[in-house]
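What follows is the residue order along each chain.
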Amino acid sequence: MRSEIEIYDTTLRDGTQGHGISFSVADKLRIADRLDAFGVQYVEGGWPGSNPKDVEFFAEAKHRTFKHARLAAFGSTRRKDISAAADDQVQLLIAAGTPVVTIFGKTSPLHVREVLQTTLDENLAMIADTVRFLKAHGKFVVYDAEHCFDGFKEDTPYALATIHAAEQAGADIVTLCDTNGGSLPGEIAAITRVAREELRVRIGIHTHDDIGLGVANALAAIEAGATHVQGTINGYGERTGNCNITSVIPILHFKLKKRGVPVESLPLLTELSQFVDETANLRPNPRLPWVGATAFSHKGGTHVNAVQKVLSSYEHIDPGSVGNARHVLVSDLAGRGNIVMKAKELGFDLANDTAHLKTMLATIKDLEHKGYEFEAADGSLTLLIRRVLTGAPPPFTVDGYHVSMRSERGSSVCEATVKVRVGDQHAHTVAEGDGPVNALDAALRAALVTFYPHLQSVRLTDYKVRIIDSTTGTAATTRVLIQSSDGATEWGTIGVHENIVEASLQALVDSLECALINSAAGA
Ligand SMILES: [Zn+2]
C-alpha cells in the first residue's frame, strides 16, 4: 500500500530568500505552471504583505487554472493587540484570492517575549484569531509553527498549546518548522511523534539545511507520521538553503515506496531542476543528488569496467528513472572501458580490444599530461574519437591569423585577421571585437559562414580560462574551455597552450567543427 505524502513547494517564497535568487513576476508564473504540470500539491507563490511584486503575482495568477496544484499565499498571524480584520497584512492574504493561505506563528516562549514583546496568552489568541478569520473567509489554512522544534525543547507544554490553538481554530494542516535548521533527525522524529499523538489534523514538516540535514530531517518527520512536506526545488533558500524537494520526491518514491507526485512525473525531475536553475539564471550544481550532471558519472577505471558489466553495480538507481543520464568521465584514471562507453555515448560502437582503442587511449593520456581535460569538453573528445575512427580530414583549416590591439580615445579595440581554407577554397577576413578572443571568434565565423551559413546560429555560452602548471613559475600553460550552443544542443571544447590566444583558437576551431558535425548528424 502506498500512502500519500503531500508536496508543498515554496521555491517562489522561501526559495527567493536565497543568495542570488531573484524572479520576475513572469518567471514566477512560468515556474508555478511547471510545478503544477509536474504534479506538486501546493505552490506557495509569495508573501503579499512583504513584497509588492508578490501582490502583482497573485493578481496575475488569479486568471490561471492549475491542474494539480493549489496556490498558497504566505503571511503571518495578526499583529498583537488588534483584530485579525484590522490587520492590513491579513487582509492582503484574503485579497490574494488563493484557495490556500499559509500563516506562521510563534511556538517558542522566548520569541513571544523577546521578538513579539507580548504575553504568551496574546500569542495564542493571535494564532487562533487569525486561523478563524481565514477559515471564515473560506480558506484552506496551513499553519506553520515557526521555531517549532526549538520551542518544544524550550517549553513543551507551551509549544503544544500553540499548535492546539491552531487546530482548534480550524487549521487544516499544522506544519512543524525547523526554522534555524539546526536540529538532528532523532529530535525531529521524537517531537513529530508527540505532535502526531496530540493532534488530529495532518502534520507537515518544513526544514532548513543549515547543518546539511534539511532532507534527512524532513524524512525523519515523515517516518514519524508527517504526511505533508515543504521545500524548494534544488534546495534554494536562505543561508545554506531549504529542504531540497528535488531529493525528497525521488526518495519518497524509490526508497520509501510512498506516493508523492504522479509516477509519470519522476522522469521529468532533472528537467524541472534545470528549468528552475535556468529561470533563476544560475549554473546548475553538478553535484546535486539525483539530478546533478555528475550524479551518475563514473571516473575510476575499475568502476567503469564494473558498470559496463552490471549496470546496477555502482549505481543506486537507474539514472533514467529521474530523467538523468549516465556519464563516463575520461581521465588518466580511466581504463579502456571508459573510452568504449564514452564512444557509445557519442554514437560509435567500439569493441573493447581494437587497435583504435589503444591509439585513442595513448592520445588522450598524452594530451592529459599536457594539461587537456576532457571532462567538460565532450565536443573535443568527440572530434578526437572521430579522427581516430574515420581518419576524415577536418572540414576546414586555419592557415594563419593575426591579432592586434590598439587604444582609441581611451577605449581599446582588438582586430583579428584570419585565413581559412575549405577544400581548395580560401577565405581571408577581418573583424573587430572587445578583446582578442572575441575578435578572433568574429573573424573566424565571418570566414566560415560563407561556406556554412548555419554556423550563424552557434553561440558561445561560456568561456573559462585557467592557468595550469603555475607552480613551475616559468612557462605556465593556459587551458581554455568553451561551451557552445546552437539552440538545440550544447557542447564543450578545449584548447591548451602557453599563449591564451592560441589556446582560445584551438577551442574555437573545435567548437565550430563540432557544430558542423552536429548539424550533419541532425540533417
Ligand atoms: Zn523556512
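Just above, that's the structure.
Bear in mind the structure is a predicted one, so any value in this text is a computation, not a measurement.

K.L.:
Tell me about the packing of helix 5 (residues 120–136) against helix 7 (residues 156–168), and please be specific about residues and values.
P.N.:
In the contact formed by helix 5 and helix 7, the axes pass within 8 Å of each other and the chain directions differ by 25°. Relative to helix 7, helix 5 is oriented roughly parallel. Helix 5 and helix 7 meet at a crossing whose hand is right-handed. Every residue of helix 7 that contacts helix 5 at L120, N123, L124, I127, A128 and V131 is listed here: Y158, A161, T162, A165 and A166. Its residues assigned to classes, the contact of helix 5 with helix 7 shows nine nonpolar, two polar and no charged.

K.L.:
Got a sec to walk through the coordination of the zinc ion? Specific residues and values, please.
P.N.:
Bound to the zinc ion on the protein side are D14 (OD), H206 (NE2) and H208 (NE2), at distances that span 2.0 to 2.1 Å. Donor residues for the zinc ion, ordered by position in the chain, follow D-x191-H-x1-H. Residue H206 is classed as buried on the basis of its relative accessible area of 4%. Using a relative accessible area of 3% as the deciding quantity, one classes H208 as buried.

K.L.:
How would you explain the sheet that holds strand 16 (residues 490–497) if you had to name every residue and give the values?
P.N.:
Pairing in this open sheet of three strands is antiparallel, and the strands run 14-15-16 from one edge to the other. Since the sheet does not close on itself, it has two edges, and those belong to strand 14 (459–468) and strand 16, each with one partner. Between one strand and the next, the sheet's axes are offset by a mean angle of 15°, whatever the strand orientation. Pairing between strand 15 (residues 477–485) and strand 16: eight bridges, direction antiparallel. Each residue of the ladder has a partner; that of T478, found in strand 16, is H497.

K.L.:
Could you give an account of the packing of aromatic side chains, naming the residues involved and the relevant values?
P.N.:
Aromatic ring pairs are described here by two measures, namely the spacing of the ring centres and the angle between the planes. If you walk through the whole model with that rule in mind, you get eight aromatic pairs. For the ring pair F57 and F58, a centre distance of 5.2 Å and an interplane angle of 70° mean the geometry is edge-to-face. The rings of Y8, Y42 and F140 are connected pair by pair, giving a single aromatic cluster. In this structure, R34 is placed above the aromatic ring of F275, and the distance from its NZ or CZ to the ring centre is 4.1 Å.

K.L.:
Explain the environment of T232 to me, and be specific about the residues and the numbers.
P.N.:
With respect to the helices and strands, T232 occurs in the loop between strand 8 (228–231) and helix 10 (245–255). For T232, a relative accessible area of 0% translates into the label buried. It is 8.4 Å that separates the C-alpha atoms of T232 and Y8, two residues lying 224 residues apart in sequence. Ignoring any residue separated from it by four or fewer positions in sequence, one finds T232 in contact with D9, T10, T11, G15, N242, C243, N244, I245 and T246.

K.L.:
Which residues make up helix 9 (residues 214–223), and what are the values?
P.N.:
Across the ten residues of helix 9, eight count as buried, placing the element largely inside the fold. When helix 9 is considered as a whole, its buried residues turn out to be G214, V215, N217, A218, L219, A220, A221 and I222. In this structure, the buried residues of helix 9 make contact with strand 6 (173–178), helix 8 (185–198), strand 7 (202–207), strand 8 and helix 10.

K.L.:
Describe the pairing of strand 15, naming the residues involved and giving the relevant values.
P.N.:
Among the nine residues in strand 15, nine count as buried, and that is most of the element. Across the two faces of strand 15 the burial is the same, with T477, R479, L481, Q483 and S485 and T478, V480, I482 and S484 all buried. Pairing analysis gives nine bridges linking strand 14 to strand 15, with the strands arranged antiparallel. Its bridge partner lying in strand 15, K464 is registered against L481. The turn joining strand 15 and strand 16, which pair antiparallel and follow one another in sequence, is formed by four residues; a positive phi near 95° is taken by G487.

K.L.:
How would you summarise the packing of helix 9 against helix 10 if you had to cite specific residues and measurements?
P.N.:
When two helices pack together, their arrangement is captured by the angle between the axes and the distance separating the axes. Between helix 9 and helix 10, whose axes approach to 10 Å, the crossing angle comes to 40°. In terms of orientation, helix 9 lies oblique with respect to helix 10. Considering how the two elements wind past one another, helix 9 and helix 10 form a crossing that is right-handed. Of helix 10, the residues touching helix 9 (which contributes V215, L219 and I222) are S247, V248, I251 and L252. Here the contact of helix 9 with helix 10 is composed, by residue class, of six nonpolar, one polar and no charged.

K.L.:
Go over a nonpolar patch on the surface, please, and point to the residues and values.
P.N.:
On the surface, Y463, V465, I467 and I500 cluster together into a nonpolar patch covering about 320 Å² of accessible area. At three residues, strand 14 tops the list of elements feeding residues into the nonpolar patch. Following the sequence through the fold, Y463 ends up in strand 14.

K.L.:
Give me helix 4 (residues 109–116): which residues, what numbers.
P.N.:
In an α-helix, one turn spans 3.6 residues, which is why side chains three or four residues apart end up on the same side. Among the residues making up helix 4, those that are buried are P109, H111 and V112. Taken together, the buried residues of helix 4 touch strand 4 (100–106), helix 5, helix 6 (148–154) and helix 7. At the C-terminal side of helix 4, Q117 shows a positive phi close to 55°.

K.L.:
Describe in detail the sheet that holds strand 2 (residues 42–46), supporting the description with residues and values.
P.N.:
Reading around the barrel, the eight strands line up as 1-2-3-4-5-6-7-8 and close back on themselves, with parallel pairing between neighbours. Direction aside, the axes of adjacent strands within the sheet are offset by 25° on average. Along the sheet, helix 10 contacts strand 1 (6–9) and strand 8; its crossing angle with strand 1, the most-contacted strand, is approximately 170°.

K.L.:
Kindly report on the pattern of salt bridges, identifying the contributing residues and their values.
P.N.:
This structure, assessed with the given rule, holds 27 salt bridges. A salt bridge links D87 to R79, with the nearest nitrogen and oxygen atoms 3.8 Å apart. Here the residues in one salt-bridge network are R78, E122, D129 and R132, joined through shared partners.

K.L.:
Describe the environment of T270, naming the residues involved and giving the relevant values.
P.N.:
Here T270 shows up in helix 11 (residues 269–279). Classification of T270 as buried rests on a relative accessible area of 3%. Residues T270 and T246 lie 24 residues apart in sequence; the distance between their C-alpha atoms is 8.4 Å. Discounting chain neighbours no more than four positions away, the residues touching T270 are W290, V291, V322, G323 and N324.

K.L.:
Run through the side chain of D87, naming residues and quoting values.
P.N.:
The topology assignment puts D87 in the loop between strand 3 (70–76) and helix 3 (88–95). For D87, a relative accessible area of 1% corresponds to the buried category. Engagement of the side chain of D87 in a polar contact is seen with the backbone nitrogen of Q89, the distance being 2.9 Å. Residue contacts for D87: discarding those within four places in its chain leaves R78, R79 and I82.

About the criteria used
Residues numbered from 1 in each chain as written. Predicted model: local features only at pLDDT ≥ 70, side-chain atom pairs only at ≥ 80, totals over all residues. Heavy atoms only, no water. Axes fitted to C-alpha atoms, helices over the stretch in contact; angles between N-to-C directions. Helix = DSSP H or I, 4+ residues; strand = E, 2+ residues; numbered from the N terminus. Parallel < 35°, antiparallel > 145°, perpendicular 65-115°, else oblique. Left-handed = near helix turned anticlockwise from the far one by under 90°. Contact = heavy atoms within 4.5 Å. Nonpolar A, V, L, I, M, F, W, Y, C, P; charged D, E, K, R; others polar. Donors = N, O, S within 2.8 Å, 3.2 Å for Na, K, Ca; no water. Buried < 20%, exposed > 50% of the residue type's maximum accessible area, 1.4 Å probe, protein only. Pairing = 2+ DSSP bridges. Phe/Tyr/Trp six-rings, centres within 6.5 Å; stacked < 30°, edge-to-face > 60°. Lys NZ or Arg CZ within 6 Å of the ring centre and 35° of its normal. Patch = residues over 30% accessible without salt bridge, like charges linked within 9 Å, V, L, I, M, F, W, Y side chains within 5 Å. Areas by Shrake-Rupley, 256 points an atom, 1.4 Å probe, with all protein chains shown as cover. Salt bridge = Lys/Arg side-chain N within 4 Å of Asp/Glu carboxyl O. Polar contact = N/O pair within 3.5 Å; in protein donor to acceptor, adjacent residues only side chain to side chain.

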